[in-house]
Amino acid sequence: MSFDTVRLEIDEQIATITLSRPHRLNAFTYEMGDELIGIFDQLDADDDVRAIIITGDGKAFCAGADLSTGAETFDMVAQTQHDGTFDATDEKWRDRGGVLNLRIWNSKKPIIAAVNGASVGIGATMILPMDIRLAGMSAKFAFPFAKRGIVWDGCASWFLPRVVGISTAMDWGLTGRTFSSAEAFENGLVSRVVPDEDLMAEARERARLMAENCAPVSLALMRQMAWRMQGADHPMIAHRIETRGILKAGMGKDAEEGVMSFLEKRQPNFPMKVSEDLPDWYPWWAEAEDDYSAG
C-alpha cells in the first residue's frame, strides 16, 4: 500500500510508522488519520508483525492539527456548508482524533511512541493510548486546546488523567502550556528520555525484546487486559479475566514453548497466531453504545 502522509516500513517483525509531512511539522490532517487507521488494520492482520513503533519525520513528531485553513480549521459546518452535507446536529460526525485513538487502543499489537520533537494537540493526545512512550531530549509537549478555543480531542479527557493523574492533566490542559521532555518523564507521560540520536535505537530495542522473546497472543491479551482494567471498579474483575486467561493459555502450545525454550536455554518460537488463536472469550468486554451524536 502507498500513503501520502505517512511511511510504513517492516523489518525483523517490527513495523515502523513515520508521520511524514515534514514541511508542515507532520501536522495532522483527516487524510493522515485515515491512513493511520488503515495501517493499524493492516498490521493487526499481519502475523509477521510483532510490535509497532510510531515516530515523526524531521524535527517534529506531530505539531497538532494542520491550521492552514485558518479561522475555519475546526469548523466542520463551515467547511461543508457549500454542499449541505453536514450541520451541527449531524450524528454521523465524530472527532477524527478520537476515531484514531480508539483504533490505536484496540490494536492487537503493542505500540511504542518514539517522540522525536514537537508533540502538540492531536500530536500529544495520539500517543496516550500507545503502550510505551519514549522521548528525545529535545521533545516538547502541549495540550493547547483551550488556547485555540476548543476542547480535548482524541479521548484525552479519558486517557490523560489515567496516564498522569488528574492534577497533572488539569495543569497541562487548563493552561495549555508547553512543557519539556524532562517534565513529561517526571509525571509519567513518557517512560524514558534519551539523547535525540539514540531515540530510534531505544525504541527498536524495546520492540526487539517483544518480537524475539514474547508470545504474540500473550502480548495482544495483556495490553487489552491492562487498558480495559483502567475502568474497572474492583480488582476482582481483573482476577476473573486473568483466571480465565491463564487457564486457557496454560493448556496452549505457546505456554509449552515458553517453558521448554527457557529450560533448554534457547530463543522461543511461539506457534500461535493473533489472527487465528485468540481465545473464544476474546473480547470479553461490552463495546460502548455506538452513538456519537454531536447534539
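This text gives an overview of the structure that appears in the document. (Residues numbered from 1 in each chain as written. Predicted model: local features only at pLDDT ≥ 70, side-chain atom pairs only at ≥ 80, totals over all residues. Heavy atoms only, no water.)

**So, the overall build of the chain**
Consideration 1: Scanning the chain from terminus to terminus reveals twelve helices and ten strands.
Consideration 2: Of all 295 residues assigned to the chain, the portion counted as buried reaches 45%.
Consideration 3: Across the chain, the fraction of contacts at a sequence separation of at least 24, relative to all contacts at a separation of at least 6, is 71%. (Helix = DSSP H or I, 4+ residues; strand = E, 2+ residues; numbered from the N terminus. Buried < 20%, exposed > 50% of the residue type's maximum accessible area, 1.4 Å probe, protein only. Contact = heavy atoms within 4.5 Å.)

**Details of the nonpolar core**
Consideration 1: Membership of the largest hydrophobic core comes to 46 residues, with the highest contact counts inside it found for Leu19, Leu36, Ile54, Met126, Phe141 and Leu189.
Consideration 2: No other element matches helix α1 (residues 30-44), which puts six residues into this core.
Consideration 3: With 14 residues, the next largest nonpolar core counts Ile14, Val194, Ala203 and Ala207 among its residues. (Core = buried A, V, L, I, M, F, W, Y, C linked by side-chain atoms within 4.5 Å.)

**Here we look at the sheet that holds strand β5 (residues 111-115)**
Consideration 1: If you trace the six strands from one edge of the open sheet to the other, you get β1-β2-β3-β5-β7-β10, paired in mixed fashion. The sheet terminates laterally at β1 (6-11) and β10 (192-194), the two strands that pair on one side only. For this sheet, the mean inter-axis angle between neighbouring strands, taken without regard to orientation, is 20 degrees.
Consideration 2: Across six bridges, the pairing between β1 and strand β2 (residues 14-19) is antiparallel. Counterpart to glutamate 9 in the pairing with β2 is threonine 16.
Consideration 3: Sitting on the sheet, helix α8 (residues 199-213) is in contact with β1, β2, β3 (51-56), β5, β7 (132-136) and β10, with an inclination near 175 degrees to β5. (Pairing = 2+ DSSP bridges. Axes fitted to C-alpha atoms, helices over the stretch in contact; angles between N-to-C directions.)

**Structural notes on the pairing of β5**
Consideration 1: Most of β5 is tucked away: five of the five residues are buried.
Consideration 2: Here β5 shows no split at all, with Ile111, Ala113 and Val115 on one side and Ile112 and Ala114 on the other all buried.
Consideration 3: With three bridges joining them, β3 and β5 adopt parallel strand pairing. Bridge assignment links isoleucine 52 to a residue of β5, and that residue is isoleucine 111.

**Let's talk about helix α6 (residues 166-175)**
Note on helix geometry: an α-helix contains 3.6 residues per turn, so any two residues three or four positions apart are oriented the same way.
Consideration 1: Looking only at α6, the buried set comprises Thr168, Ala169, Trp172 and Gly173. Buried residues of α6, seen end-on, are gathered within an arc of 120 degrees and therefore sit on one face of the element. In this structure, α6 carries Ile166, Ser167 and Leu174 as exposed residues pointing more than 90 degrees from its buried face.
Consideration 2: Residues of α6 that are buried sit in contact with α5 (156-164), β9 (179-180) and α7 (181-186). (Arc of directions from axis to C-beta.)

**Overview of the pattern of salt bridges**
Consideration 1: In total, this model carries 15 salt bridges according to the counting rule given.
Consideration 2: In this structure, arginine 103 engages aspartate 41 in a salt bridge whose closest nitrogen and oxygen atoms are separated by 2.6 Å. In this pair, arginine 103 sits in helix α3 (residues 96-105) while aspartate 41 sits in helix α1, placing the two residues 62 residues apart along the sequence.
Consideration 3: Judged by relative accessible area, arginine 103 falls into the buried class, the value being 15%.
Consideration 4: A single salt-bridge network, built from bridges that share partners, covers Asp11, Glu12 and Arg204. (Salt bridge = Lys/Arg side-chain N within 4 Å of Asp/Glu carboxyl O.)

**Some details on helix α9 (residues 216-228)**
Consideration 1: The terminal C-alpha atoms of α9 lie 18 Å apart, and with 13 residues this matches the ideal 18 Å at 1.5 Å per residue to within 8%.
Consideration 2: Taken as a whole, α9 has its buried residues at Pro216, Val217, Leu219, Ala220, Leu221, Arg223, Gln224, Met225, Trp227 and Arg228. (Expected span 1.5 Å × (residues − 1).)

**Section: the environment of glycine 188**
Consideration 1: Relative to the helices and strands, glycine 188 resides in the loop between α7 and β10.
Consideration 2: Under the relative-accessibility criterion, glycine 188 is labelled partly exposed at 35%.
Consideration 3: Setting aside residues no more than four positions away along its own chain, glycine 188 makes contact with Arg133, Val163 and Val164.

**Quick look at the side chain of glutamate 202**
Consideration 1: Secondary-structure assignment places glutamate 202 in helix α8.
Consideration 2: For glutamate 202, a relative accessible area of 15% puts it in the buried group.
Consideration 3: A distance of 2.6 Å separates a polar atom in the side chain of glutamate 202 from a polar atom in the side chain of arginine 192.
Consideration 4: Ignoring any residue separated from it by four or fewer positions in sequence, one finds glutamate 202 in contact with Leu134, Arg192 and Val194. (Polar contact = N/O pair within 3.5 Å; in protein donor to acceptor, adjacent residues only side chain to side chain.)

**Here we look at the sheet that holds β9**
Strands in a sheet are paired, the pairing made by backbone hydrogen bonds, and the direction either parallel or antiparallel.
Consideration 1: If you walk across this open sheet you meet the four strands as β4-β6-β8-β9, and the pairing is mixed. Two strands in the sheet have a free side with no partner beyond their single neighbour: β4 (60-62) and β9.
Consideration 2: Strand direction decides the pairing type here: strand β8 (residues 140-142) and β9, joined by two bridges, are antiparallel. Counterpart to lysine 140 in the pairing with β9 is serine 180.

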